[in-house]
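Descriptive structure summary
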Amino acid sequence: MAERVLVIGSGGREHALAWKLAQSPHVQQVLVAPGNAGTANSGKISNSAVSVNNHSILAQYCKDHNVGLVVVGPEVPLAAGIVDDLTAAGVTCFGPSAKAAQLEASKSFSKSFMDRHNIPTARWSSFTDPQDACKYIQDAEFPALVVKASGLAAGKGVVVARDKDEACKAVLDIMKDKAFGSAGDTVVVEEQLEGEEVSCLCFSDGITVSPMPPAQDHKRLLDGDQGPNTGGMGAYCPTPQVSEDVLQEIKRSVLQKTVDGMRAEGTPYVGVLYAGVMLTKRGPKVLEFNCRFGDPECQILMPLLKSDLYEVLKNTLQADLSSSPVQWLENSAAVTVVMASGGYPASYKKGLEITGLSQVSEMGIQVFHAGTALKEGGGVITNGGRVLTVTAVRPTLESALRSANEGVAVISYPDAVYRRDIGHHAITYLTRTRGLTYRDSGVDIAAGNRLVDIIKPLAKATSRPGCNAELGGFAGLFDLKAAGFTDPILVSGTDGVGTKLKIAQACGIHSTLGQDLVAMCVNDVLAQGAEPLFFLDYFSCGRLDVRVASSVIGGIADACQMAGCALLGGETAEMPGVYGPNDYDLAGFCVGAVERGAVLPRLKDIMEGDLLIGVASSGLHSNGFSLVRKILERSGLQYSSPAPFGQPGQNIGEVLLTPTKIYSRLLQPILRSGAVKAYAHITGGGLLENIPRILPPELAVDLDASRWRIPAVFSWLQREGGLSEEEMSRTFNCGLGAVLVVSKQDVQRVLRLLQAQEEAWIVGSLTNKQPGAEAVVIRNLEQSLKDSPGRSPDTSVLQNGALQGEHSTRKRTRVAVLISGSGTNLQALMEQVKKPSSSAEIVVVISNRPGVMGLKRASMAGIQTRVVDHKLYGSRAEFDGTIDKVLEEFGVELVCLAGFMRILTGPFVRKWSGECYSSLAS
């Protein structure tokens, strides 16, 4: 059923909204309060005299007149809480809440919000004392020439001064002379930015943003951007200065960040968000936010809107923008020219008769009324500063401007003021002819030089024996003798940080990536026993943002100091077209050295029975983030959402960006002692693929996940993604960033040294690898993931050559299962022992036949397997004796025959009498 819609306001913006809403088949009538001459009895549109300031009366009016939707045009009612009050009364209202409208109502709040959420904006400060404001203007290291009344001032509370004296005068006018009333009790003084100013609006349903085509407003009264500042003398759309790449950057770094930030602060933003953006040499920066359609931007956007406005507003209120894309006219441009009263923006006459309106409508030009009223006896008269907006939509910007100016020429009233050059910035841009520069291609050499100047002292601070870390040469030098080496072997490693980059870029947190990059390379070099000597970085991007790049490389320099290596050099590559304007990538290169006799791993020394020490990771480190992002997408959570893991108060993005641990200073003294036979960096490939890289092929790994602490993030990922144990252990480090191979004799000494500085545990041992068996078996991983967070692992100690736990849990009987085939009965046993009530633990599965399905079942469940092939033994006694040795090796207390197709000898049965049972499938 068609609805009645009420539009709040009286300007050209409200006429344009009513005009577009009236085109919807879902709308029966559009009421405008208070409206103007253009909205009085025009088809579906009519004016209403209801008070819009008394929200209780307004709510009752809406109920009495069956108003299904209220659309708020101007900013003052929004800041006064009209949406909150009408919604509380059960009346559907489009626009942000009063709390969300602070983005416009308080420029001080808005600027602080942008700082909190890393939204690019001009440098600034706010003041309640005019003397403090003037001192800031005089002392600032940048041109602090923009003075703004912090409160609402009808779009006129901004002064862009020519010099410091004029800026101070503006402060005094606003704060002492009350040029804008109480709106100027607080002023914001900010840096004057240079570039093109554009208006970037979007619909926001609190989660999704749907950008509108970019527009440009003309604030100055007269042609050539001369004369006083106004509420706006015209606008055009779209703006050719804003490329698709730049628009996407504004969407990501401004519009979406703002909506995400408001939601994170408990104030979902629903309505139209308007960002006034300056296209500076360093990228788009926000000048201010408005919390509604702009005026006159609305008068060009509504004619270009292809979608049904009523449906768009409803989808926005129902948080359904993501599934209902907003459509705009293609290959069309719109220009609107404002006709103002003589004397505007100061004093002006009212009641002057307007002629020519009917002729303009016949020209296919739309006139939206603003400061107009109906004349007694018929006709239209002026009734405000900005009187009319004359809008033309044509295939090109030039033709739209020409048509709009032709329409203005037909309309007449005394002392009318208007501009004839609306869109001149765009036309100049489109018709410019000049020689190309490297910068025109997207490469800014000056920005690169600024970056080098910033990072030179950072690199210098990483100097160490053998290298002074001076940047600027064609190559870097390192003196191995000065570093104390006598017979060194060089070791090199290179790596990146994967798609962890995407999360950093989305969160605007760049400084931690440097530690990730250095750690990934340094930790690899350590695996050869090498001391990291120097580091090189590669930073590539679509457009060089010096602030972002210096943050990343500053993090690299800090991490090099942590690792004890010098930042010897690097490369910054600006590659427009290869990367998006806001995208970048990283690669790192580390070179280390180790004395010839100390190279790791010492494969000849590694043997069965050696123990494995695990060193704690800080979390995900830098692997598996493509899977992490997919799981997060499936969960419906945002990076700004409170983290269901990590420390209280952290959001998801902050936890995921926890930097990778650097192990060099911790491990180097221990590696030099000779007590460590091998060290594995648990990186891409997780536990399953990295530990075997340092072992002889005849050995296998037996890990017990109950013996180390698994950070809660892994449990959440496993649960939300429905990941198998194999997927978890092949993708993630599961809480272990490094694994050391140590003999039983040295393990306690090494463990004590590690635990003095870092969490570390004895996590497993090495065993002889059986034919067909897995190289790594991880027991108790599934249960340990379920128990995390908050689980305290058993503190590992060594007793009689076997791992024991200081914190005893209920003792479980150690069971061996003997099989010959598919392991159907075995599966039933494994399911049973998983139950918390079970008093048994299967520690090994033995098969007399290689390659059977039962062995695979056991390996997938994290259970050790052995093959004792009866065909290889000369007698049953020899065969049984070998099985007996395996049982003793695993400390078996109970033997279960589950489809075991061999007859056991009498001595074997007598030895295990009372401890040997046959299992039936159940």
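Here the structure is a predicted model, which is why all the values come from computation and not from measurement. (Residues numbered from 1 in each chain as written. Predicted model: local features only at pLDDT ≥ 70, side-chain atom pairs only at ≥ 80, totals over all residues. Heavy atoms only, no water.)

With respect to the overall build of the chain
Note the threshold: We count a stretch as a helix when DSSP gives it H or I for four or more residues in a row; a strand needs E for two or more, and each element gets its number in order from the N terminus. Classification of residues uses two cut-offs on accessible area relative to the type maximum, computed with a 1.4 Å probe and protein chains only: under 20% is buried, over 50% is exposed, and between them is partly exposed. Here, two residues are considered to be in contact whenever any of their heavy atoms come within 4.5 Å of each other. All accessible areas in this document rest on Shrake-Rupley with a 1.4 Å probe, and a residue is counted as covered only by the protein chains that are shown. Positive charges come from Lys and Arg, negative ones from Asp and Glu, while His and the chain ends are left out of the count. The atom standing in for a charge is NZ when the residue is Lys, CZ when it is Arg, CG when it is Asp and CD when it is Glu.
Within the chain, the regular secondary structure consists of 30 helices and 40 strands. When the backbone C-alpha atoms are referred to their principal axes, the chain occupies close to 120 × 70 × 50 Å. Taken across its 922 residues, the chain has 55% of its residues classed as buried. Sequence separation of at least 24 residues holds for 74% of the intrachain contacts in the chain that already meet a minimum separation of 6. A total of about 38500 Å² of accessible surface is found on the chain, and carbon and sulfur atoms cover 51% of it. Taking the 88 positively charged and 95 negatively charged side chains of the chain as two groups, their mean positions are separated by 4 Å.

With respect to the pattern of salt bridges
Side-chain pairs of opposite charge can arise where the charged atoms are in close proximity. To keep things clear, this is the line we draw: Should a side-chain nitrogen of Lys or Arg be within 4 Å of a carboxyl oxygen of Asp or Glu, the pair is scored as a salt bridge.
Tallied over the entire structure, the rule returns 38 salt bridges. A salt bridge links K111 to E190, with the shortest nitrogen-to-oxygen separation between them at 3.0 Å. Pair noted here: K111 is in helix α6 (residues 107–116) and E190 is in strand β9 (residues 187–190), with a separation of 79 residues, a long-range link. The pair formed by K111 and E190 is uniform in burial state, with each residue classed as buried. One salt-bridge network, held together by shared partners, links D702, D704, R707, R779 and E841.

Description of the state of the cysteines
One way to say it: the disulfide is the covalent bond shared by the sulfur atoms of two cysteines. Heads up, the rule is: Two cysteine sulfur atoms make up a disulfide if the distance between them is within 2.5 Å.
The final tally for this structure, using the stated rule, is zero disulfides. Its sulfur unpaired, C541 is 19 Å from the next cysteine sulfur, which belongs to C521. On the basis of relative accessibility, which here comes to 1%, the residue C541 falls in the buried class. This cysteine, C560, is not joined by any disulfide, and C565 carries the nearest cysteine sulfur, 4.0 Å off. We classify C560 as buried; its relative accessible area is 0%.

Overview of the packing of helix α19 (residues 625–635) against helix α23 (residues 712–721)
What counts, and what does not: The axes used here are C-alpha line fits, helices contributing only the stretch in contact, and every angle between their N-to-C directions lies in the interval 0 to 180 degrees. What sets the label is the angle itself: under 35 degrees gives roughly parallel, over 145 gives roughly antiparallel, 65 to 115 gives roughly perpendicular, and the rest give oblique. Less than a right angle of anticlockwise turn of the near helix away from the far helix marks a crossing as left-handed, whereas a clockwise turn marks it as right-handed. The nonpolar class holds Ala, Val, Leu, Ile, Met, Phe, Trp, Tyr, Cys and Pro. Asp, Glu, Lys and Arg form the charged class, and all remaining residues, Gly among them, are polar.
Put simply, α19 and α23 touch, their axes get as near as 10 Å, and they point 60° apart. One finds that α19 runs oblique with respect to α23. Relative to α23, the crossing made by α19 is left-handed. For the pair α19 and α23, contact is made by V628, I631, L632, R634 and S635 and by W716, L717, E720 and G721, respectively. Of the residues contributing to the contact of α19 with α23, the split by class is five nonpolar, two polar and two charged.

Considerations on helix α1 (residues 12–21)
A large share of α1 lies buried, amounting to nine of its ten residues. All buried positions along α1 are accounted for by G12, R13, E14, H15, A16, L17, A18, K20 and L21.

A closer look at the sheet that holds strand β4 (residues 67–72)
Quick reminder of the rule: A pair of strands is labelled paired if DSSP reports no fewer than 2 bridges between them.
Reading across the sheet, the five strands line up as β3-β2-β1-β4-β5 and stay open at both edges, with parallel pairing between neighbours. Every interior strand has two partners, whereas the edge strands, β3 (45–47) and β5 (93–94), have only one. Bridge count for strand β2 (residues 27–34) against β3 is three bridges, and the pairing is parallel. Note on β3: the bridge partner recorded for V30 is I45.

Re helix α11 (residues 309–317)
Stated formally: Polar contacts here mean pairs of N or O atoms no more than 3.5 Å apart (in protein, one a potential hydrogen donor and the other a potential acceptor; neighbouring residues in sequence count only if both atoms are side-chain atoms).
Burial analysis of α11 places seven of its nine residues in the buried class, which makes it a mostly covered element. Within α11 the residues assigned to the buried category are L309, Y310, V312, L313, K314, N315 and T316. Two or three places before Y310, at the opening of α11, D308 has a side-chain oxygen 2.9 Å from that residue's backbone nitrogen. Positioned one or two residues after α11, A319 has a phi angle of 55°, which is positive.

A short note on the nonpolar core
Convention followed: We define the nonpolar core as a collection of buried residues of types Ala, Val, Leu, Ile, Met, Phe, Trp, Tyr and Cys that are connected through side-chain atoms lying within 4.5 Å of one another.
Ranked by internal contacts, the top residues of the largest apolar core, which has 86 residues, are F535, Y584 and W708. When residues in this core are grouped by element, the largest group, ten residues, is from helix α18 (residues 546–563). Membership of the second largest hydrophobic core comes to 45 residues, among which are L78, I119, V198 and L247.

Let's talk about the packing of aromatic side chains
As a reminder, the rule being used: Two rings from Phe, Tyr or Trp (for Trp, the six-membered ring) form a pair when their centres sit within 6.5 Å of each other. Planes less than 30 degrees apart are called stacked, planes more than 60 degrees apart edge-to-face, and all others tilted.
Scanning the entire structure with this criterion turns up eleven aromatic pairs. On the numbers, 6.0 Å between centres and 80° between planes, the contact of F203 with F293 is edge-to-face. Placement of F203 in strand β10 (residues 196–205) and of F293 in the loop between β17 (283–290) and α10 (298–304) is noted, with a sequence separation of 90 residues between them. Look at F203 and you get buried, because its relative accessible area is 0%. Summarising the aromatic geometry, the rings of F908 and W912 are spaced 6.5 Å apart at their centres and angled 40° between planes, so their arrangement reads as tilted. A connected cluster of aromatic rings, assembled from ring pairs, spans F127, Y136 and F142.

A word on the sheet that holds strand β30 (residues 699–704)
In spatial order, the strands read β29-β31-β28-β32-β30-β33; together these six strands make up an open sheet with mixed pairing. Each of the sheet's edge strands pairs with one partner strand only, and the pair in question is β29 (676–681) and β33 (776–779). Put simply, the sheet's adjacent strands are angled 25° from each other on average, direction ignored. Sheet topology places β30 next to β33; four bridges connect them, and they run parallel. Within β33, the residue paired with L703 across the bridge is I778.

Topic: the confidence of the model for the chain
Definition in use: Every residue is assigned a pLDDT by the predictor, reflecting its confidence on a scale from 0 to 100.
Averaged over the chain, the pLDDT score is 89; the fraction of residues at 70 or greater is 95%. The model gives residues 794–809 a pLDDT under 50, and that stretch makes 32 contacts with residues more than four places away or in other chains.

Structural notes on the packing of helix α13 (residues 397–410) against helix α14 (residues 424–431)
For any two helices packed against each other, the geometry is given by the interaxial angle and the distance between the axes. One can describe the packing of α13 onto α14 by two numbers: an axis separation of 10 Å at closest approach and a directional angle of 145°. The way α13 lies across α14 gives a crossing that is left-handed. Between α13, through L397, E398 and L401, and α14, the contact on the second element is made entirely by A426, I427 and L430. Taken together, the residues of the contact of α13 with α14 break down into five nonpolar, no polar and one charged.

A word on the environment of V739
For V739, the location among the structural elements is in strand β31 (residues 736–742). Of the residues examined, V739 reaches a relative accessible area of 0% and is grouped as buried. Counting along the chain gives 126 residues from V739 to I613, while the straight-line C-alpha distance between them is 5.5 Å. Discounting chain neighbours no more than four positions away, the residues touching V739 are L612, I613, A678, Y679, A680, I682, I691 and I694.

With respect to the side chain of S729
With respect to the element layout, S729 can be found in helix α24 (residues 725–731). If we skip the residues at most four places from it in the chain, S729 touches G685, G686, L687, L688, C734, I778 and L781.

So, the environment of S126
Along the chain, the position of S126 falls in strand β6 (residues 124–127). Each residue touching S126, except ones within four places of it in the same chain, is listed here: S108, T186, V187 and V188. Polar contacts involving the side chain of S126 include one to the side chain of S108, which spans 3.4 Å.

Examining the pairing of strand β28 (residues 611–616)
Across the six residues that make up β28, a large majority, six, are buried. Neither face of β28 is exposed, since L611, I613 and V615 on one face and L612, G614 and A616 on the opposite face are all buried. Inspection of the sheet shows β28 paired to β31 by six bridges, in the antiparallel sense. Paired with G614 across the strands is V739, a residue of β31. For β28 and strand β32 (residues 760–768), the ladder comprises five bridges, and the chain directions are antiparallel. Across the sheet, the residue bridging to L611 is S765, located in β32.

Examining unusual backbone geometry
Following A33, the chain continues to P34 via a peptide bond in cis, the omega torsion being 0°. In this structure, P34 sits in strand β2. Residue P601 is bonded to the preceding L600 through a cis peptide linkage, with omega at 0°. One non-glycine residue with positive phi stands out, namely C734, at about 55°.

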